[in-house]
Amino acid sequence: MTENEAVDPIRPEFPTGRVKKIMKLDKDIKVNPEASFLISCSTNLFLQFLAERSAEVAAEKKKKTVKIDHLRTAVKRHRPTIDFLLDSLPVPAESIQSVANSLSDRDLSRPVADKPAPPWLELAA
Amino acid sequence: MERDDGFNRFYKHAKSSSGLNIIHGGSSNSNNNNGIVSTDNGNAANSNAMPPPCTVREQDQYMPIANVIRIMRRILPTHAKISDDAKLTIQECVSEYISFITGEANERCQREQRKTITAEDVLWAMGKLGFDEYVEPLTVFLNRYRETQNERTSLRGEPVLKRGMDYGSSIMMAPPYAPPVFHVGHHQQGFLDGTTAMGGYLRDGSGGAAGGGSSSSQASLTNNNFDPFGQYM
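Thresholds applied
- Residues numbered from 1 in each chain as written.
- Chains lettered and ligands numbered in written order.
- Predicted model: local features only at pLDDT ≥ 70, side-chain atom pairs only at ≥ 80, totals over all residues.
- Heavy atoms only, no water.
- Phe/Tyr/Trp six-rings, centres within 6.5 Å; stacked < 30°, edge-to-face > 60°.
- Helix = DSSP H or I, 4+ residues; strand = E, 2+ residues; numbered from the N terminus.
- Buried < 20%, exposed > 50% of the residue type's maximum accessible area, 1.4 Å probe, protein only.
- Axes fitted to C-alpha atoms, helices over the stretch in contact; angles between N-to-C directions.
- Left-handed = near helix turned anticlockwise from the far one by under 90°.
- Contact = heavy atoms within 4.5 Å.
- Nonpolar A, V, L, I, M, F, W, Y, C, P; charged D, E, K, R; others polar.
- Salt bridge = Lys/Arg side-chain N within 4 Å of Asp/Glu carboxyl O.
- Core = buried A, V, L, I, M, F, W, Y, C linked by side-chain atoms within 4.5 Å.
- Expected span 1.5 Å × (residues − 1).

If you walk through the whole model with that rule in mind, you get ten aromatic pairs over all chains. On the basis of an interplanar angle of 50 degrees and a centroid distance of 6.0 Å, the ring pair of A:F84 and B:Y97 is categorised as tilted. In this pair, A:F84 sits in helix α4 (residues 79–85) while B:Y97 sits in helix α5 (residues 84–111), so the two residues belong to two different chains. Accessibility expressed as a relative area gives 0% for A:F84, which makes it buried. On the basis of relative accessibility, which here comes to 0%, the residue B:Y97 falls in the buried class. Members of the aromatic cluster, connected to one another through ring pairs, are A:F46, A:F49, A:F84, B:Y97, B:F100, B:F131 and B:Y134.

Have a look at this one:
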């Protein structure tokens, strides 16, 4: 969002055409300009949220580089985000090492799970 | 296609709700069909697998990585870095989010037998899916957007009021979407700074002024010494 909001219109951070393309990816929908504008704004908010939360996790672990594990932990701390995002994240290889010994190698070697990991497994990370 | 449950969840939604059988590819959906193939492999990019040659390009299913990184860098501490795979993953998360909200908004649209997703559908979907803390700032943005649109048309000499009221009444008068107090939830520090001015405007400027588009308030908005707090206090 622009800094000088007093007179300038809001310029969404994301290209409008791309927003619409992604919206239409899995369904043949029509969307009016206001709606795609709001999606663009809310996506910006969501991205900032993810960035902020992931950075917090990285800081907690005293790391300077934000990694997927930090992102994953951040996602897990926010219920609405878990609902749609957790299954899509790559399965962490190292963080479940200690409890995953009984699992098949398939779960550890394939970075994206075929199916959601069991609930107890997700909580372990 | 059980590999990518995240996206498939929404594709299944699409199949049942819109009637378009995207997995098998209708005639108008050949791109989307590739989109599904590519999406799986888009995620596979994180797993070091190579996407098949006939995929949808990144620019068709993700936000530009440069935009994503730029927004993240503004939030992260100066010294912080982001791993490459985290960047890619977050890029995918962004698209997932868009699909998620869009799917819900689209369902509502279809339930009410409308064809076009509106701003109200989007706001409703936010609330329903647990992102209600976004609803207030989004309403502010929307009002600002409408102001901008109205200013543009009024400069061209076209009627303003009708356009402003078409979508305005249902959004700005409805308490669930536009509560009078501008209060943002837990992650306000990330973006609130940029919206304070608009938030003040919303709180002090009534919905009528924003949507009705009276010429005097518009003129004052375009004034260079526009002061959201001074104007209406």
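At their nearest, the axes of helix α1 (residues 16–23) of chain A and α5(B) sit 9 Å apart, and the two run at 65 degrees to each other. The chirality of how α1(A) crosses α5(B) is right-handed. Contacts between α1(A) and α5(B) involve A:V19, A:I22 and A:M23 on the former and, on the latter, B:S95, B:I98, B:S99 and B:T102. In the contact of α1(A) with α5(B), the residues fall into four nonpolar, three polar and no charged.

A complete count under the given rule lists 14 salt bridges over all chains for this structure. Among the salt bridges present, the one from B:R74 reaches A:E13, with a minimum N-O distance of 2.7 Å. In this pair, B:R74 is assigned in helix α4 (residues 65–75) and A:E13 in the segment before α1, connecting two distinct chains. Its relative accessible area of 10% is what places A:E13 among the buried residues. A:R53 is the partner of A:E56 in a salt bridge, and the nearest nitrogen-oxygen pair spans 3.0 Å. Of this pair, A:E56 and A:R53 are both found in helix α2 (residues 33–60), three residues apart, which corresponds to roughly one turn of the helix. Looking at A:E56, the relative accessible area reads 33%, which means it is partly exposed. Each member of the salt-bridge network shares a partner with another, and the members are B:R108, B:E112, B:R114 and B:D121.

Now for the nonpolar core. Ranked by internal contacts, the top residues of the largest apolar core, which has 62 residues, are A:F46, B:I101, B:M126, B:F131, B:Y134 and B:L138. Among the secondary structure elements, those contributing two or more residues to this core are α1, α2, α3 (68–76) and α4 of chain A together with α4, α5, α6 (119–128) and α7 (132–155) of chain B. The biggest single contributor to this core is α2(A), with 13 residues. Residues contacting B:M126, with those up to four places away along its chain left out, are A:S42, B:Y97, B:I101, B:F131, B:D132, B:Y134, B:V135 and B:L138.

End to end, α7(B) covers 35 Å across 24 residues, agreeing with the expected 34 Å (1.5 Å per residue, within 8%). Taking burial as the measure, the 24 residues of α7(B) include 20 buried ones, the bulk of the element.

All we've got here are geometric facts, nothing functional implied.
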